[in-house]
Amino acid sequence: MLRLFIVLAVIVFKCLAERVELDWDVGYVYGARDGYTYRRAIGVNGKLPFPPVHVTQGDTLVINVHNSLDVPTSIHAHGLLNNGTNYYDGPDMVTQCGIPPGESFTYVLETKDQFGTFWIHGHTRHQEVDGLHTPLIIHSRKPPVVDYDEELLMTFEDWFTTEFAVRQAYIDSLEDIRTLTSNFPKALINGYDGNNTAPITFVPGKRYRLRVICMSINNWFKFRIPGHKMTLIEADGVESIPLEVDGLSMGPGQRYSVIVTAHNSAEFNYMYNVTSYSDALVSQGLTPMVYTGLINYREGAPVKTIPAPGDEQLTWPEETSMQVANKQTQLPVDRQIELTMKKFTYTNQEHLTTLGSTLYKPVLVPTLYTALSMGDLAANSSVYGPQTNAYVLKHLDVVEIVINNPERVDHTFHFHGHNVQVIETGPFGNSSTINREPVLHKQSGSWPMWRDTIQVRAFEFIRVRFRADNPGVWFMHCHLAWHEYNGLAIMFIEAPDVLQQQQSVPKEMIEMCKRQNIPTQGNGAGNQGFNMTGLPPAIYPTPDESSN
């Protein structure tokens, strides 16, 4: 009887699923999003911000992308697992060739059983930095872990006065990023200047779900509504056991849902607080920047003054404090990969941070195409090129990733193709070199939280796990744009033998590469075997002990 019920439920679920189709013309737009600096940016259909995308669990999202830029483009649905359709994941030269200027390509994104709070952003030439991003909300077909009356969406962005390529050239010219003293980003709240964002309306007694998305590329954000408690129910598209917090602390790429219950009286209005900051620049006095906005219970009502306690007196969600709603216990480990961030001076004289000792650099063939075309050799990481940081994973192995950060800068890391189970965090390195509270050792509870974007704080390690059940080529990278640009990334080549049996790249994607003279077979250089002739010369590190 139970089996029949499950079968019937699956049939009903599939019958309810819809095909949602969007036409996106990606092109240049002009404006002063921060209220001060008029500049060129990247929008969709002539708009920036452009509308959020709303679908329902089980739907197929079809996005017809036309590229009106003068350079290639691609998009990535951040948090969508793309199980069975790795080629639609989006990173340029990882799973596809970019869409050439003047051409079009269609992404077919299956939501399957995923639901929650996500976002879509560019994944070629860091176009997300210049505006190519928007929320993606996948509404659930089942009741939430906590009931609510209405949903509200809040987005945080950092917005620079110059385009990414111009600013990156300036950053590249610096010997030490901590000497950066200009061109610091302003904060955008819900797509506009953080000082002029429209009020949020609360109706007395109503319960609101706030979906909060950190679409920044450099800055962290803290968000509070003084006088109101928050109950956290979701992180990165995964439901959590309800957790009461005072506010949210979010790194680039992270998302949360919280329940906020409005007061029963409309006697007072309230102010929300948003703090934008970057640990890399605190010493220059550029951060934090604080923004406030109105929680409007009644037009013209006085604003109630709430005492402001220090952050250390407040409760914030941490990677280990949340627990997953489905109560899944810790996975047993089959393989461990330990990655330590370290600065090196490279043979090209760049002074950069890596995971291990290798900077990620893109190759001449999209890495997915190498995994699909190299037969048995696809299980050898060397065929992907000397700077892809490729790790080959066995099908269904439970992989434990330990990331050590002995440096003074916080990072977020995003796992394409997977959510990861957060096991523990703890101290790593010598935090006494800066004025910062010591890192404490913290273990997750019985049912560790899963998410796709994790914070790795300064002088901290984090231990996470996932099962290699999604054959494909999956990028894992720092979500601070200039760190990813400079190679703070690795690649998981997951079950290439199974991948070759189950997936093939759509013909139109192969043809799109050929029109750009990009090879679609062979190793990272487009050759057979281990012959890497044609790749740019690899750069190698010389340890700089002064950076330790």
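Scroll up to find the structure.
This report concerns the structure included in the present document. Nothing here was measured: the structure is a model prediction, and the numbers come from that model.

Attention now goes to the state of the cysteines. Summed over the entire model, instances satisfying the criterion amount to one disulfide. Disulfide partner of Cys-97: Cys-513, at an S-S distance of 2.0 Å. Between Cys-97 and Cys-513, the disulfide has an S-S torsion of 110 degrees and is therefore right-handed. In this pair, Cys-97 is assigned in the loop between strand E5 (75-78) and strand E6 (104-110) and Cys-513 in helix H6 (residues 507-514), connecting sequence segments 416 residues apart. Each member of the pair, Cys-97 as well as Cys-513, is classed as buried. For the unlinked cysteine Cys-214, the closest cysteine sulfur is that of Cys-478, found at 12 Å. We classify Cys-214 as buried; its relative accessible area is 0%.

Within this structure, the stated rule accounts for 18 aromatic pairs. Chaining the aromatic ring pairs together yields one cluster made of Tyr-87, Tyr-88, Phe-105 and Tyr-107. The ring of Tyr-36 carries the charged tip of Lys-186 above its face, separated from the ring centre by 5.4 Å. Lying over the aromatic face of Trp-316, Lys-222 brings its terminal NZ or CZ to 5.0 Å of the ring centre.

Let's shift gears to the side chain of Glu-460. Position of Glu-460 relative to the elements: it lies in strand E30 (residues 460-467). No salt bridge forms around the buried Glu-460; measuring N to O, its nearest opposite-charge neighbour Arg-457 is 6.1 Å away. A polar atom in the side chain of Glu-460 sits 3.0 Å from the backbone nitrogen of Arg-457.

The subject of this paragraph is the nonpolar core. The nonpolar side chains of a soluble globular protein tend to be buried with one another. Core analysis: the biggest nonpolar cluster contains 61 residues, and Leu-61, Ile-120 and Leu-136 have the highest contact counts within it. Those residues in contact with Ile-120 that lie beyond four places of it in its chain are Trp-24, Val-53, Leu-61, Ile-63, Ile-75, His-76, Ala-77, Leu-132, His-133, Thr-134 and Leu-136.

Calculation rules
Residues numbered from 1 in each chain as written. Predicted model: local features only at pLDDT ≥ 70, side-chain atom pairs only at ≥ 80, totals over all residues. Heavy atoms only, no water. Disulfide = S-S within 2.5 Å. Helix = DSSP H or I, 4+ residues; strand = E, 2+ residues; numbered from the N terminus. Buried < 20%, exposed > 50% of the residue type's maximum accessible area, 1.4 Å probe, protein only. Phe/Tyr/Trp six-rings, centres within 6.5 Å; stacked < 30°, edge-to-face > 60°. Lys NZ or Arg CZ within 6 Å of the ring centre and 35° of its normal. Lys, Arg positive; Asp, Glu negative; His and termini not counted. Salt bridge = Lys/Arg side-chain N within 4 Å of Asp/Glu carboxyl O. Polar contact = N/O pair within 3.5 Å; in protein donor to acceptor, adjacent residues only side chain to side chain. Core = buried A, V, L, I, M, F, W, Y, C linked by side-chain atoms within 4.5 Å. Contact = heavy atoms within 4.5 Å.

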